[in-house]
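Single-letter residue listing:
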Amino acid sequence: MMAGTSGTTDVQTSPNVVIDPDSSNPQSVQLTSTLSTTDGGGVDRDGFELSGSLNVSGESEKINVVIAIDTSGSTANSSNTDFNGDGTDETILEAELIGAQDLFDAYVAAGYDPADVTISLVDYSTGATVIGTYNLDDGAAYTQALQDIADDGPNGATNFDAALDRSIDAFQDIGTDETDTNIVVFMSDGFPTRGGTNFTSEVNTLEDDFGAQISGIGIGPGSSLNALNLLDNTDGAQKVLTGAGLTGAIVKPLTQADFERFEIEIEGVDENGDPLTQIITLNEGDPEVIQTPSGWSFSNLQVSEEFQVGSNLNVTVNAIFAEDPADPGSGEQVVTTEHSLSVVVCFVAGTMISTPDGQVAIETLEVGDRVITRDHGMQRISWIGSTTFPGRYVANNAHLRPVVIRKDAMSKGVPDRDLRVSRQHRILVRDWRADLLFGDPDGVLVPAFSLCNDSTIVEERPDAPVTYLHMAFDRHEVVYANGLEAESFHPAERTVSGLSSPQRDELMEIFPELRAGEAFAYDAARKELRGRDAQVLAFPRKVANG
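Source: prediction; values computed, not measured.

(A) Representation of the overall build of the chain in the model. When helices and strands are counted, the chain shows 11 helices and 31 strands. Across the 546 residues that make up the chain, the buried fraction comes to 51%. Of the contacts formed within the chain by residues at least 6 apart in sequence, a portion of 67% connects residues at least 24 apart. In the form shown here, the chain has an accessible surface area of approximately 23,200 Å², with 45% of it arising from carbon and sulfur atoms.

(B) Local environment of the pairing of strand 26 (residues 444-447). The alternating pattern of strand 26 places Val444 and Val446 on one face and Leu445 and Pro447 on the opposite face, and all of these are buried. Bridge analysis of strand 25 (residues 426-429) against strand 26 gives 4 bridges, and the strand direction is antiparallel. Note on strand 26: the bridge partner recorded for isoleucine 427 is valine 446. Pairing between strand 26 and strand 31 (residues 527-528): 2 bridges, direction parallel. Within strand 31, the position partnered with leucine 445 by the bridge is glutamate 528.

(C) A look at the packing of aromatic side chains. Taken as a whole and assessed by the stated rule, the structure comprises 13 aromatic pairs. Aromatic side chains tryptophan 296 and phenylalanine 321 sit 6.3 Å apart centroid to centroid with 75 degrees between the ring planes, which places their arrangement in the edge-to-face category. With tryptophan 296 in strand 14 (residues 295-302) and phenylalanine 321 in strand 15 (residues 313-321), this residue pair connects regions lying 25 residues apart in the sequence. According to the relative accessible area criterion, tryptophan 296 is buried, its value standing at 4%. Assessed through its relative accessible area of 0%, phenylalanine 321 is described here as buried.

(D) Quick peek at a negative patch on the surface. On the surface, Asp177, Glu178, Asp208 and Asp209 cluster together to form a negatively charged patch. With respect to the element layout, glutamate 178 can be found in the loop between helix 3 (160-173) and strand 8 (181-188).

(E) Focus on the side chain of glutamate 485. Its location among the elements puts glutamate 485 in strand 30 (residues 484-487). Here arginine 430 takes part through its side chain, which lies 3.1 Å from a polar atom of the side chain of glutamate 485. Residues within four places of glutamate 485 in sequence aside, it is in contact with Arg374, Ile427, Leu428, Arg430, Val478, Val479 and Tyr480.

(F) Here's a closer look at the sheet that holds strand 7 (residues 128-135). Strand order in the open sheet formed by 6 strands is 7-6-5-8-9-10, and the pairing between neighbours is mixed. The sheet is open, and its two edges are formed by strand 7 and strand 10 (238-240), each paired on a single side. Each strand of the sheet is rotated relative to its neighbour by a mean of 20 degrees, with strand direction disregarded. Pairing of strand 5 (residues 63-70) with strand 6 (residues 117-124) involves 8 bridges; the strand directions are parallel. The residue of strand 6 that forms the bridge with isoleucine 69 is aspartate 123.

(G) Looking closely at the packing of helix 1 (residues 92-109) against helix 2 (residues 139-152). Put simply, helix 1 and helix 2 touch, their axes get as near as 10 Å, and they point 175 degrees apart. Compared by their axis directions, helix 1 and helix 2 come out roughly antiparallel. For the pair formed by helix 1 and helix 2, the contact residues are Leu93, Leu97, Ala100, Gln101 and Phe104 on the first element and Gly139, Tyr142, Thr143, Leu146, Ile149 and Ala150 on the second. Taken together, the residues of the contact of helix 1 with helix 2 break down into 8 nonpolar, 3 polar and no charged.

(H) The arrangement of the packing of helix 3 against helix 4 (residues 200-210) in detail. Two elements in contact, helix 3 and helix 4, have axes separated by 9 Å at closest approach and are oriented at 20 degrees. By the angle between their directions, the pair helix 3 and helix 4 is classed as roughly parallel. Relative to helix 4, helix 3 is oriented so that their crossing is left-handed. Listed contacts from helix 4 to Asp161, Leu164, Asp165, Ser167, Ile168, Phe171 and Gln172 of helix 3 are Glu202, Val203, Thr205, Leu206 and Phe210. Looking at the contact of helix 3 with helix 4 residue by residue, the classes come out as 6 nonpolar, 3 polar and 3 charged.

(I) Focus on unusual backbone geometry. With omega at -10 degrees, the peptide bond leading from valine 414 into proline 415 counts as cis. Within the secondary structure, proline 415 sits in the loop between strand 23 (403-405) and strand 24 (419-421). With a phi close to 60 degrees, asparagine 80 is a non-glycine residue in the positive phi region. Residue position: asparagine 80 is located in the loop between strand 5 and helix 1. Of note in the backbone geometry, aspartate 408 takes a positive phi value of approximately 70 degrees without being a glycine. On the secondary structure map, aspartate 408 appears in the loop between strand 23 and strand 24. In this structure aspartate 408 comes out as partly exposed when scored by relative accessible area, which is 23%.

(J) Up close: the pairing of strand 7. Bridge count for strand 6 against strand 7 is 7 bridges, and the pairing is antiparallel. Bridge pairing in strand 7 links threonine 118 to asparagine 135.

(K) Molecular detail of the environment of glutamate 528. Among the secondary structure elements, glutamate 528 is positioned in strand 31. The class of glutamate 528 is buried, set by a relative accessible area of 18%. In sequence terms glutamate 528 and valine 444 are 84 residues apart; their C-alpha atoms lie 6.1 Å from each other.

So, how was this worked out
Residues numbered from 1 in each chain as written. Predicted model: local features only at pLDDT ≥ 70, side-chain atom pairs only at ≥ 80, totals over all residues. Heavy atoms only, no water. Helix = DSSP H or I, 4+ residues; strand = E, 2+ residues; numbered from the N terminus. Buried < 20%, exposed > 50% of the residue type's maximum accessible area, 1.4 Å probe, protein only. Contact = heavy atoms within 4.5 Å. Areas by Shrake-Rupley, 256 points an atom, 1.4 Å probe, with all protein chains shown as cover. Pairing = 2+ DSSP bridges. Phe/Tyr/Trp six-rings, centres within 6.5 Å; stacked < 30°, edge-to-face > 60°. Patch = residues over 30% accessible without salt bridge, like charges linked within 9 Å, V, L, I, M, F, W, Y side chains within 5 Å. Salt bridge = Lys/Arg side-chain N within 4 Å of Asp/Glu carboxyl O. Lys, Arg positive; Asp, Glu negative; His and termini not counted. Charge placed at Lys NZ, Arg CZ, Asp CG, Glu CD. Polar contact = N/O pair within 3.5 Å; in protein donor to acceptor, adjacent residues only side chain to side chain. Axes fitted to C-alpha atoms, helices over the stretch in contact; angles between N-to-C directions. Parallel < 35°, antiparallel > 145°, perpendicular 65-115°, else oblique. Nonpolar A, V, L, I, M, F, W, Y, C, P; charged D, E, K, R; others polar. Left-handed = near helix turned anticlockwise from the far one by under 90°.

Below is the structure:
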């Protein structure tokens, strides 16, 4: 059973990257990927999902398409194929009209600016006529034009030559530029009976004046590709035998770039804090990779459950294309997005910190103020910082949600009022269990989320903005927060990465060990438990009497 998504954590979009820049058909590509946390039924069982969408469009500013529809008498014949899945084989003309509508809908779905795409309809039989030219916001008129063609029905001979002439006219009528992406979709049963089969002059004009791609499409198993191959200048005319094949042949001009695969690298730590890397390769054609009218996508990809939710997670998504055919030896072409989820270790504003002057709200403390610590008495604050998040953003992102430790949750009077800390903020557990299970009579530091018991220690989804405050000393200390023993900020490579750039720079000035590449600025005050090891110390929920 798939876990429910608790909210989009991070969405990254690449710049537009030109694929095949030296070829005759450069493509503009943009990759968008989404890394989400999933709600697995508890803060200790959350996970991650990854989705990606790769959109390809012509690099030129405008796209002009001419669809040539064969309405000769022979298109009244059955195509011997059920193209729309209604249980009945369509006629050849009906199949062509289905394809023409699919093409229009595909460009709309691909998200093109309506003004940047024109689609012209050419109706041909004994002669040929440009029925009209339509932008993507002319959907009703376009569909009506197809209905008019259907109502007129099949009649007359088949004249490819006239259809190509009118295709040239359609491009000329709208002032088509050869730098635009210009496409001719030429559909038929493949048996011209008028105008001959010498299309060299018309094809040359379409290529030379407009740089047009001409795709010949034979409808149904009885169609012939011989004459269609004489006008096709792509990879050869295609005979379509299914509804999917028809859509694929019609939509193909949108995605000419040679996409090969997605490569995804995920780096983080496991429940023991050890480095962990996962590599996922999704090849074009794999069931996880879905071809869309505008490119390729994958969705709801499960990240390994071994990654520890609440710790740093770095994800790199690469979309890889074959090398530019016009530049042999240039190597594969890559479009990249990167995600980084960082640990937040801190107190929530309103936490009362024990000082020589009594309990003081943490947001009022400043660098140099003295705080009472368990191990070293009064110590001065070396650094203090804060980060504020909107309430809805915190509620929707599992790794940011506070953990609430209710009054008396640990013992009577501890804490002396509700305490709110970040998920990864460590609490000092100092009782017989720490000694018996971990051999540490002075206690162990346990992530707050591992203590959750659905009663006195719970995850919170706030409505109001949440301000997290970070407080560091010259060493890792245990301080008193609402009377509960909890860690101070422990500057480390993984925790500092979760701060803003100015905060990181400031901390690295104070603790140059971090700039030198050390994992931690100093040793931990106690043994730090990770993941499921800490859950054995969760305090039992309280049950009401009666």
